[in-house]
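Residue-level listing of the chains:
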Amino acid sequence: MAHPSINQFIVTAVAKKLAAMKTADYFAERAKNGNVQAALDLLNRQGGLPPQAVDEILE
């Protein structure tokens, strides 16, 4: 089994860090448009129809 070079290690570490930073930026931008009260209202709304027979989990 070949061992990765120092360059491969550094490039991989930098790529992972950049991906993590881009992900954090993405969620920060999404959060700016969020409405906590609207989300809570949606979660707390009265249910619609009860589960149907076809909605059951079969074992």
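Scroll up to find the structure this text is about.
Residues numbered from 1 in each chain as written. Predicted model: local features only at pLDDT ≥ 70, side-chain atom pairs only at ≥ 80, totals over all residues. Heavy atoms only, no water.

**Description of the overall build of the chain**
Counting its secondary structure elements, the chain contains two helices and zero strands. The C-alpha radius of gyration of the chain comes to 23 Å, more than 25% above the 10 Å expected for a compact globule of 59 residues. The C-alpha extent of the chain, read off along each of the three principal axes, is 60 × 40 × 10 Å. Residues classed as buried in the chain amount to 0% of the 59 residues present. For the chain, the exposed surface amounts to about 6,200 Å²; the carbon and sulfur share of it is 63%. (Helix = DSSP H or I, 4+ residues; strand = E, 2+ residues; numbered from the N terminus. Rg over C-alpha atoms; globule rule 2.2 N^0.38 Å. Buried < 20%, exposed > 50% of the residue type's maximum accessible area, 1.4 Å probe, protein only. Areas by Shrake-Rupley, 256 points an atom, 1.4 Å probe, with all protein chains shown as cover.)

**Some remarks on the packing of aromatic side chains**
Using the criterion set out here, one finds one aromatic pair in the structure. Both rings, one in Tyr26 and one in Phe27, keep their centres 5.2 Å apart while their planes meet at 75 degrees; by these two values the pair is edge-to-face. A relative accessible area of 51% places Phe27 in the exposed class. (Phe/Tyr/Trp six-rings, centres within 6.5 Å; stacked < 30°, edge-to-face > 60°.)

**Concerning the environment of Ala2**
Among the secondary structure elements, Ala2 is positioned in the segment before helix H1 (6-32). Overall, Ala2 belongs to the exposed group, its relative accessible area being 69%. Considering only alpha carbons, one finds Ala2 and Phe27, 25 residues apart in sequence, at a separation of 37 Å.

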